[in-house]
Amino acid sequence: MVLAFYPADWSPVCGDQMALYNEVLPEFRKLGAELVGISVDGVWCHRAFSEARNLHFPLLADFEPKGAVAQKYGVYRDGDGISERALFVIDKEGKIAWSYCSPIGVNPGADGILQALEDLAK
Amino acid sequence: MATLKTPVSSQDHVQGPENAPATLVEYGDYQCPHCGHAHSVIKRIQKHFAKQLRFVFRNFPLNEIHPYAEAAAETAEFAGTHNKFWEMHDLLFENQERLSDSLLPDLAKKLKLPVDALIKALESGEYASRVGNDFSSGVRSGVNGTPTFFINGRRHDGPFEYDDLVTAIEDAIGPERAVVNR
């Protein structure tokens, strides 16, 4: 499973991180992975965002308690109240096989994820 | 630091000399307004650097949010097989707001390309794998939205207004070799 923490819905670029992963989704699935996005936004915000971007994967609301899941993964930014832009590839046994934390302002793309999934498949 | 995984080759659409000290690769989407804006920036960049810059365009259509992006990309590739890639590329960006099913054959007509052949090609998806290959190479290289630029093989992370790109390209060329034309 690919777990993608991102700071917030609605960043103002064409092809923000979730929209990008939406395009790459068939590649993730070919490698046997499902994708889940997660941010501290609530479900109503996620629903609007998901519809606007035509997303074909779930967005989880790390809303109440705020950032609890992000904290468990060690990627919660206390001062800002949002999560880091962190990626986790989790294997079938539930172990973290790969992770990467991108600078908050940089969309990390999908190349690291694909490489990690391919390494898992070996 | 994300790097270009598929080097520039004779299969690419290239403007500028092969031995230019700087190569700028853009992964773009014809329906993306940011790419539309970048289009005019690139023209100025090309004028500024002249023979010092080689520019390459590769397709990265965001199909889920831009319904005409794929067809536009395939149309440009079709034009490419008739040696009119860049003309079509430019026309697509200049007419971005009017992108529609009927615009594409109109642009083909404007460039004196065989319209029936274009329609057939779009219906059969003749150029889909070519566009798909660009997309895959982009994903592998760390393309993270549109437009994404690579300067001498390294992803440019930051704004892509004129001054930003000039600085980044000059840095890549190196101060001794850059001809400053301010």
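The preceding data block contains the structure.
What counts and how
Residues numbered from 1 in each chain as written. Chains lettered and ligands numbered in written order. Predicted model: local features only at pLDDT ≥ 70, side-chain atom pairs only at ≥ 80, totals over all residues. Helix = DSSP H or I, 4+ residues; strand = E, 2+ residues; numbered from the N terminus. Rg over C-alpha atoms; globule rule 2.2 N^0.38 Å. Buried ≥ 20, exposed ≤ 12 C-beta atoms within 10 Å, placed from the backbone. Contact = placed C-beta atoms within 7 Å. Pairing = 2+ DSSP bridges. Axes fitted to C-alpha atoms, helices over the stretch in contact; angles between N-to-C directions. Core = buried A, V, L, I, M, F, W, Y, C linked by C-beta atoms within 7 Å.

Trainee: Break down the overall build of chain B for me, citing the residues and quoting the values.
Mentor: For chain B, the count of helices and strands is seven helices and five strands. Listed N to C, the secondary structure of chain B is β-β-α-β-α-α-α-α-α-β-β-α in terms of helices and strands. In terms of overall size, chain B behaves like a compact globule, its C-alpha atoms giving a radius of gyration of 16 Å where 182 residues would be expected to give roughly 16 Å. When each of the 182 residues of chain B is scored for burial, the buried share is 41%. Contacts in chain B between residues at least 24 apart in sequence constitute 75% of all its contacts with a sequence separation of at least 6.

Trainee: Lay out the sheet that holds strand S1 (residues 13-15) of chain B with the relevant residues and their values.
Mentor: Residues and elements named next belong to chain B. Spatial ordering of the open sheet is given by S1-S3-S2-S4-S5, a layout of five strands whose pairing is mixed. At either margin of the open sheet sits one strand with a lone partner, and together these are S1 and strand S5 (154-155). Sheet analysis places S1 next to strand S3 (residues 53-59), joined by three bridges and oriented antiparallel. Residue pairing across strands places Gln15 opposite Phe55, the latter belonging to S3. In the packing of helix H7 (residues 162-173) onto the sheet, the strands contacted are strand S2 (22-28), S3 and strand S4 (148-151), and the crossing angle to S2 comes to about 135 degrees.

Trainee: Mind laying out the nonpolar core, listing which residues take part and the relevant values?
Mentor: Considering soluble globular proteins, one finds that nonpolar side chains tend to be buried as a cluster. In this structure, Val2(A), Ala4(A), Phe5(A), Ile113(A), Tyr30(B), Ala72(B) and Leu92(B) are the most contacted members of the largest nonpolar core, which totals 72 residues. A total of seven residues in this core trace back to one element, the largest contributor, which is helix H2 (residues 69-81) of chain B. With residues up to four places along the chain from it excluded, the contact list for Val2(A) reads Phe28(A), Ala33(A), Leu35(A), Val89(A) and Ile113(A).

Trainee: Explain the sheet that holds strand S3 (residues 59-61) of chain A residue by residue, including any values.
Mentor: All names here are of chain A. The five strands are arranged S3-S2-S1-S6-S7 in an open sheet whose pairing can be described as mixed. If you trace the sheet from one side to the other, it starts and ends with S3 and strand S7 (96-102), each paired once. Ignoring strand direction, the axes of neighbouring strands in this sheet form an average angle of 20 degrees. Strand direction decides the pairing type here: strand S1 (residues 2-5) and strand S6 (residues 85-90), joined by three bridges, are antiparallel. Its bridge partner lying in S6, Ala4 is registered against Leu87.

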